[in-house]
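Notes for the structure review
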Amino acid sequence: MCNQSVGLIQRAVEAAGISTVSITLIEDITKKVKPPRALSVPYGFGHPLGEPNNPELQHAIIAEALSLLENEEAPPILKSSRR
């Protein structure tokens, strides 16, 4: 699914009162679409949670993304992962 479509769907879901967060691989497009909350990761297509067979890294990325739901800032929130 394209980053742009996901961001637009996120905004619609949020308008219905459901909080969302996404993980993005293309930060430039995400900045243009402005989804409510997104975590930008430095990995390539097919590996949004990092290298295969590294559950510790994958869990850390998921936890980092979910932590955006606790962020007190007003959306849109775009954070770059340092992992």
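Shown above is the structure to which this text applies.
None of the values given here were measured: they were computed from a predicted structure.

Before going further, it helps to examine the pattern of salt bridges. Scanning the model with the defined rule gives 3 salt bridges in all. Put simply, E27 and K31 hold a salt bridge, and the shortest N to O gap is 3.5 Å. Here E27 and its partner K31 are both found in helix α2 (residues 27–33), 4 residues apart, which amounts to about one turn of the helix. The exposure class assigned to E27 is partly exposed, which follows from its relative accessible area of 23%.

This part is about the side chain of E64. Along the polypeptide, E64 turns up in helix α3 (residues 55–67). Of note is the side chain of E64, whose polar atom sits 3.0 Å from the side chain of S81.

Right, let's get into the sheet that holds strand β3 (residues 77–80). One open sheet accounts for 3 strands, arranged β1-β2-β3; its pairing is parallel. Here the strands that pair on one side only, and so sit at the sheet edges, are β1 (22–24) and β3. Within this sheet the neighbouring strands show an average axis-to-axis angle of 25°, counted without direction. As defined by bridge partners, β1 adjoins strand β2 (residues 37–40) across 3 bridges and the pair is classed as parallel. The residue bridging T24 from the neighbouring strand is S40, located in β2. Sheet strands in contact with α3 are β1, β2 and β3, and its direction is about 150° off that of β2.

Calculation notes
Residues numbered from 1 in each chain as written. Predicted model: local features only at pLDDT ≥ 70, side-chain atom pairs only at ≥ 80, totals over all residues. Heavy atoms only, no water. Salt bridge = Lys/Arg side-chain N within 4 Å of Asp/Glu carboxyl O. Helix = DSSP H or I, 4+ residues; strand = E, 2+ residues; numbered from the N terminus. Buried < 20%, exposed > 50% of the residue type's maximum accessible area, 1.4 Å probe, protein only. Polar contact = N/O pair within 3.5 Å; in protein donor to acceptor, adjacent residues only side chain to side chain. Pairing = 2+ DSSP bridges. Axes fitted to C-alpha atoms, helices over the stretch in contact; angles between N-to-C directions. Contact = heavy atoms within 4.5 Å.

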